Amino acid sequence: MAKDSALISKIKSGIVSNLSWQAARNTNLHIENQVLKKGEVVLAYKQRIALERDSIMVFADDAPLFNWSHPCRYLLHDAATGDLYNEVSAQFPPYMTADIPKTFQPFHTPIKIAEPEIYYPVLPWLRCPIRWTKGQRYAVLFSGASNNRHTNDLEFLYRTLRDIYGFPAANIFVLNYDGTINYSGNPHPVVSWPGDTTAYRMPVNGKGTKADLDTVFNTLKAKLKPDDLLLIHTNNHGGHNGTQSYLCTYSGADYLASDFADTLATLPKHYCMMVMMEQCHAGGFNAPILAKSTATYTSVSSACLELNNSIGGAQFDPFARDWIAAMAGHTPYGGALASNPDTDGSGKVSAREAHDYADSVHDPYDTPVFSRSSVAAGNCFLGQRYWHVWPIYCRLLVEVLQPYYLRKPIPEFYDMVHAKLVPQLREIESKLENASAAQEKELRATLGEVVKKTLGR
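The present account deals with the structure reproduced in this document. Computed from a prediction, not measured in an experiment: that's the story for all the values here. (Residues numbered from 1 in each chain as written. Predicted model: local features only at pLDDT ≥ 70, side-chain atom pairs only at ≥ 80, totals over all residues. Heavy atoms only, no water.)

**Side note on the pattern of salt bridges**
Part 1 of the reasoning: Applying the stated criterion across every chain, the model contains twelve salt bridges.
Part 2 of the reasoning: The salt bridge partner of Arg159 is Asp196, with a shortest N-O separation of 2.9 Å. Residue Arg159 is located in helix α3 (residues 148-164), and its partner Asp196 is located in the loop between β10 (172-176) and α4 (210-221); the two are separated by 37 residues in the primary sequence.
Part 3 of the reasoning: Look at Arg159 and you get buried, because its relative accessible area is 7%.
Part 4 of the reasoning: For Arg385, the salt bridge goes to Asp227, with nearest N and O atoms at 3.8 Å. Residue Arg385 is located in the loop between β17 (369-372) and β18 (386-389), and its partner Asp227 is located in the loop between α4 and β11 (229-235); the two are separated by 158 residues in the primary sequence.
Part 5 of the reasoning: Among the residues examined, Arg385 registers a relative accessible area of 17% and is labelled buried.
Part 6 of the reasoning: Several salt bridges share partner residues, and in doing so they unite Asp62, Arg73 and Glu87 into one network. (Salt bridge = Lys/Arg side-chain N within 4 Å of Asp/Glu carboxyl O. Helix = DSSP H or I, 4+ residues; strand = E, 2+ residues; numbered from the N terminus. Buried < 20%, exposed > 50% of the residue type's maximum accessible area, 1.4 Å probe, protein only.)

Okay, structure coming up:
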């Protein structure tokens, strides 16, 4: 926490007193009471705000009633003096993919967000639309006979999955070289990631061997469910034996494309498999993977054609670097992209769009190839998917649940509904998209029976 509460009070009062008459009525202010250290980066969604000093940050929301993105500002104050040393314009708040910390507190909020009374007059936790996560997201990051650039690619992707897309750390399996943050060749010793010169963050779960990769796939057999996404990224070196491509490993057997595909065929059915391969001759994996994938939607993005080589760089492999950069919204060094990869304006960078961006930057030695099981497969993205209960359904659900809610304490009732009732609501929800007035009346009765049965009333 900031060491001087008087300094915090000084910053708050100074900002409020300097607001224009209009801003005082229309701007909500929040303060990060914890001192942010020099060199840290604040993420405003994909915008990176580097801190030049130890700082106390004030977030000014200049259009609180609008959906993001909208105008906002980051006011950076010297943590020792409280003086404002930088004001950064942005379009997103600082906490988009994680829980808001308790140290981030409102202190001037003239604008209150209106909430429609009809949707949740009695159930304060039941917002409309109600949203539940749809499926888990898993990732496998593999590099066998690693050089520095291959390990650096894995670290860039790991940070992107954690910081931009909020993948749980436990769902990311990293296999690199000898089972550590290490690689063959220079620079040595391995100290820091060249993107921002900080320490490597990815935990390495095993060696870059066929045996360890098979172990990860066996682990996923017990985890993957029909709504889940699996991202597979392979890196380091690859070869071709005259018949098919193979993936090099740290030690032991190399991984033939046909064997790789056969292993994927043993995975349970799942929603989406997104594969990105950097190694030489990677294109020889595309067709076998599509033929054997158990995912509803499968895409494979490879750096080069089957009989071609992929190019490497001093610190990163160009194709992998640019594919990951498209997903991250910035280069590994925090710089701006050459163009906007979100070409359809959906707000999501899809597998197809990431491939197209990497291909547009295009090192002349690479020959990128993209394959997909269907057009829809290219639209898969790394973000969390959700299923929603929409307003008409919420209104009916609240009306039906009110009598039961009034008889029980909120925590007990909340747990009961989520444990017993939510799974059955999905079936009813699917019938609501084009519900007529008569069907709505029938639905109301159905909801009542479902509630009585599941809650034991």
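**Let's talk about the packing of α4 against helix α5 (residues 257-264)**
Describing two packed helices takes the angle between their axes plus the distance from one axis to the other.
Part 1 of the reasoning: Between α4 and α5, the shortest axis-to-axis distance is 10 Å and the interhelical angle comes to 20 degrees. With respect to α5, the axis of α4 lies roughly parallel. Two packed elements cross with a definite hand, and for α4 against α5 that hand is right-handed. From α4, Leu213, Asp214 and Phe217 reach across to α5, where they touch Phe260, Thr263 and Leu264. (Axes fitted to C-alpha atoms, helices over the stretch in contact; angles between N-to-C directions. Parallel < 35°, antiparallel > 145°, perpendicular 65-115°, else oblique. Left-handed = near helix turned anticlockwise from the far one by under 90°. Contact = heavy atoms within 4.5 Å.)

**Quick look at the nonpolar core**
Part 1 of the reasoning: Of all hydrophobic cores here, the largest spans 40 residues; its most connected members are Leu141, Leu161, Leu231, Met274, Trp323 and Leu382.
Part 2 of the reasoning: Taken together, the elements giving at least two residues each to this core come down to β9 (137-143), α3, β10, β11, β15 (270-277), α7 (318-328) and α8 (351-361).
Part 3 of the reasoning: In terms of residue count, the dominant contributor to this core is α7 (eight residues).
Part 4 of the reasoning: Filtering out sequence-adjacent residues up to four positions away, Leu141 remains in contact with Leu154, Leu157, Tyr158, Leu161, Ile172, Phe173, Val174, Leu175 and His233.
Part 5 of the reasoning: Counting residues in each nonpolar core, the second largest holds 26 residues, with Val140, Phe142, Ile289 and Val300 among its members. (Core = buried A, V, L, I, M, F, W, Y, C linked by side-chain atoms within 4.5 Å.)

**Details of the packing of aromatic side chains**
Part 1 of the reasoning: Summed over all chains, the structure comprises twelve aromatic pairs.
Part 2 of the reasoning: The interplanar angle of 70 degrees and the centroid separation of 5.1 Å between the aromatic rings of Tyr95 and Phe104 together place this pair among those described as edge-to-face.
Part 3 of the reasoning: Taking the relative accessible area as the measure of exposure, Phe104 reaches 11% and is therefore buried.
Part 4 of the reasoning: Measuring from ring centre to ring centre gives 5.6 Å for Phe260 and Phe285, while their planes differ by 85 degrees; the resulting arrangement is edge-to-face. With Phe260 in helix α5 and Phe285 in the loop between β15 and α6 (286-292), the pair connects residues that are 25 residues apart, well separated along the chain.
Part 5 of the reasoning: Here the aromatic residues Phe59, Tyr74, Tyr95 and Phe104 are joined through ring pairs into a cluster of three or more.
Part 6 of the reasoning: In this arrangement the basic side chain of Lys210 is found over the ring face of Tyr255, its NZ or CZ atom lying 4.6 Å from the centre. (Phe/Tyr/Trp six-rings, centres within 6.5 Å; stacked < 30°, edge-to-face > 60°. Lys NZ or Arg CZ within 6 Å of the ring centre and 35° of its normal.)

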